[in-house]
Amino acid sequence: MNKNIIQEFRELVSPAEREKARLDITGYPTDEQIRHLRMTIESGIILAQQRLVNRAKREGFTLITCPRPYNKVVEVNPNTIVIPKTDFL
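Once a new chain begins, its residue numbering starts again from 1 and follows that chain's sequence as written. Given that the model is predicted, a residue must reach a pLDDT of at least 70 before its local features are reported, and side-chain atom pairs must reach 80 or more before they are shown or counted; all residues, however, enter totals for whole chains, interfaces and linings. Where side-chain values are given, they derive from all heavy atoms of the structure, hydrogens and water being excluded.

### Points about the overall build of the protein chain
So, step 1. Counting its regular elements, the protein chain contains 3 helices and 2 strands.
So, step 2. Strands are runs of DSSP state E lasting at least 2 residues, helices are runs of H or I lasting at least 4, and numbering of each runs from the N terminus. When the helices and strands of the protein chain are read in sequence order from the N terminus, they spell out α-α-α-β-β.
So, step 3. Think of it in three bands: residues with accessible area under 20% of the maximum for their type are buried, residues over 50% are exposed, and the middle band is partly exposed, with areas taken using a 1.4 Å probe on protein chains only. Here the protein chain holds 89 residues, and 15% of them are scored as buried.

Structure follows, in structure tokens:
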């Protein structure tokens, strides 16, 4: 990631809303809440990827991807994909 996720969230909030939040901190998410939200989103993405690969293996179809840094569309056999274990799930 190029930017810190907290900075990205802060950029989504208008200056007027930031000033209001600075004065009334009750409705503004804390850094810990933002970290938790990020972990939840990342866990969901990883789970969806795992399910897609497992379905492709089960039903016998290939997957299309655009891996970095090459940025070229390629067809991938799902049996060659290794999904690392994570602490998220």
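### Observations concerning the pattern of salt bridges
So, step 1. Counted as salt bridges are all cases of a side-chain nitrogen of Lys or Arg within 4 Å of a carboxyl oxygen of Asp or Glu. Per the stated rule, a full pass over the model turns up 3 salt bridges.
So, step 2. For Glu42, the salt bridge identified is with Arg38, shortest N-O distance 3.0 Å. Of this pair, Glu42 and Arg38 both sit in helix H3 (residues 31–59), 4 residues apart, which is roughly one turn of that helix.

### Brief notes about the confidence of the model for the protein chain
So, step 1. By definition, pLDDT measures how confident the predictor is in each residue, and it falls between 0 and 100. Per-residue confidence for the protein chain averages 80 on the pLDDT scale, and 75% of its residues sit at or above 70.
So, step 2. Within the protein chain, no element has a lower average pLDDT than helix H1 (residues 5–12), which sits at 67, and none a higher one than strand E2 (residues 74–76), at 92.

### Let's talk about unusual backbone geometry
Note: most residues except glycine have negative phi, and most peptide bonds are trans.
So, step 1. For the peptide bond that leads from Arg68 to Pro69, omega is 0°, which places it in the cis range.
So, step 2. At Asn71, a position not held by glycine, the phi torsion is positive, near 55°.
So, step 3. Summarising the element assignment, Asn71 is placed in the loop between strand E1 (63–65) and E2.

### Brief notes about H3
So, step 1. In this scheme, a helix's expected span is set at 1.5 Å multiplied by one less than its residue total. With 29 residues, H3 extends 42 Å between its outermost C-alpha atoms, agreeing within 8% with the 42 Å of an ideal straight helix rising 1.5 Å per residue.
So, step 2. Positive phi appears at Gly60, one or two residues downstream of H3, with a value of about 75°.

### Let's talk about a nonpolar patch on the surface
So, step 1. Nonpolar side chains collect at one region of the surface, where Leu37, Ile41 and Ile45 lie side by side and expose about 260 Å² of accessible area between them.
So, step 2. Mapping Ile41 onto the fold places it in helix H3.
So, step 3. Taking the relative accessible area as the measure of exposure, Ile41 reaches 44% and is therefore partly exposed. Patch building starts from residues that exceed 30% relative accessible area and form no salt bridge, then joins like charges within 9 Å and nonpolar side chains (Val, Leu, Ile, Met, Phe, Trp, Tyr) within 5 Å. Residue exposure ignores everything except the shown protein chains as possible cover, and the areas themselves are Shrake-Rupley values with a 1.4 Å probe.

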